[in-house]
Amino acid sequence: MTGIKIELKRTGFPVTIGEVELWFNTSQESLVRFFDLEEEIQRRLVQYELEVVTSNLDNTIQHDGVTKDVATGAIDLEKKKLEIQYDIIFGDGTFDKLYSVYPDYIALENALEQASILMYKKLEEHAEQHKQIVKERVDHYMNKDKAARINHNKKAKKKNKKK
């Protein structure tokens, strides 16, 4: 006996950065989480800012000048900020996945900026399409309701004529 197989089409679109293909989820459930996005960003950025303060880079630079450790610390902090952005948009672990292939945080930062602009345009298109679908559904149900009322009124008129 063979099983039943149903193909499921994900909502969203691929975003390819270099050789790495990511997925931007546009399901209603995923888009709703963007309402809480600002709060999540703030939570992660507070942790990031705490790391910046704790690293005490300003005092180290004033005392020792720019050393390899200072430069490495600054790069790590910048990478952490970029990691937060990638992981919030595409899901946790995305930055690590990209950085393992492209260990250049400035290139990845530029790529995210470009991707953000293109994704914004794509989301505008998606919103327009969604608006049209909703309008069509509303029109369909409104016309269906009118048809039901017309049919119901015809039946009522026939009953009244018979009396």
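Refer to the structure printed above.
Remember, predicted model here, so these are calculated numbers, not experimental data.

Quick word on the pairing of strand β2 (residues 20-25)
- Alternating residues of β2 divide into V20, L22 and F24, all buried, and E21, W23 and N25, none buried.
- Where strand β1 (residues 12-17) lies against β2, six bridges are found, and the strand directions are antiparallel. The partner of G12 across the bridge, within β2, is N25.
- Counting the residues between successive antiparallel strands, the hairpin from β1 to β2 contains two residues, one of them, G18, with a positive phi of roughly 65 degrees.

A look at helix α4 (residues 68-90)
- In this model, α4 (23 residues) spans 32 Å end to end at C-alpha, consistent with the 33 Å of a helix rising 1.5 Å per residue.
- Listed in full, the buried residues belonging to α4 are V70, L77, K79, L82, I84, Y86, D87, I88 and F90.
- Downstream of α4 by one or two residues, G91 has phi in the positive range, about 110 degrees.

Concerning the pattern of salt bridges
- Following the criterion strictly, the structure yields five salt bridges and no others.
- A salt bridge links E7 to K5; the shortest N-O distance between them is 3.7 Å.
- Among the ionic pairs, K135 bridges to D139, the shortest N-O distance being 3.0 Å. In this pair, K135 and D139 both sit in helix α6 (residues 105-162), four residues apart, roughly one turn of the helix.
- For K135, a relative accessible area of 45% translates into the label partly exposed.
- Classification of D139 as partly exposed rests on a relative accessible area of 33%.

Concerning the side chain of T94
- If you trace the backbone, T94 turns up in helix α5 (residues 94-101).
- Looking at T94, the relative accessible area reads 6%, which means it is buried.

Some details on the nonpolar core
- In this structure, V15, I17, L82, Y86, F90, L98 and M119 are the most contacted members of the largest nonpolar core, which totals 17 residues.
- Where this core is concerned, the elements lending two or more residues are β1, β2, α4, α5 and α6.
- Among the elements that line this core, the one with the most residues is α6, at six residues.
- Beyond its immediate chain neighbours, meaning those up to four positions away, L98 contacts I17, V20, L22, Y86 and L108.
- Judged by nonpolar contacts, the second largest core, of five residues, contains Y48, L77, I84 and I88.

Observations concerning the packing of aromatic side chains
- A full pass over the atoms with the stated rule returns five aromatic pairs.
- For the ring pair F24 and F90, a centre distance of 6.4 Å and an interplane angle of 80 degrees mean the geometry is edge-to-face. Of this pair, F24 sits in strand β2 while F90 sits in helix α4, placing them 66 residues apart in sequence. Taken as a pair, F24 and F90 share a single burial class, namely buried.
- Here Y86 and F95 contribute two aromatic rings whose centre-to-centre distance is 6.2 Å and whose plane-to-plane angle is 40 degrees, an arrangement assigned as tilted. The pair Y86 / F95 is uniform in exposure class, with both members buried.
- Aromatic rings pair up to connect F13, F24, Y86, F90, F95 and Y99 into one cluster.
- The residue whose ring lies beneath R10 is W23, and the NZ or CZ to ring-centre distance is 3.8 Å.
- If you follow K122 out to its NZ or CZ, it ends over the ring of F13, 5.6 Å from the centre.

Basis of the calculations
Residues numbered from 1 in each chain as written. Predicted model: local features only at pLDDT ≥ 70, side-chain atom pairs only at ≥ 80, totals over all residues. Heavy atoms only, no water. Buried < 20%, exposed > 50% of the residue type's maximum accessible area, 1.4 Å probe, protein only. Helix = DSSP H or I, 4+ residues; strand = E, 2+ residues; numbered from the N terminus. Pairing = 2+ DSSP bridges. Expected span 1.5 Å × (residues − 1). Salt bridge = Lys/Arg side-chain N within 4 Å of Asp/Glu carboxyl O. Core = buried A, V, L, I, M, F, W, Y, C linked by side-chain atoms within 4.5 Å. Contact = heavy atoms within 4.5 Å. Phe/Tyr/Trp six-rings, centres within 6.5 Å; stacked < 30°, edge-to-face > 60°. Lys NZ or Arg CZ within 6 Å of the ring centre and 35° of its normal.

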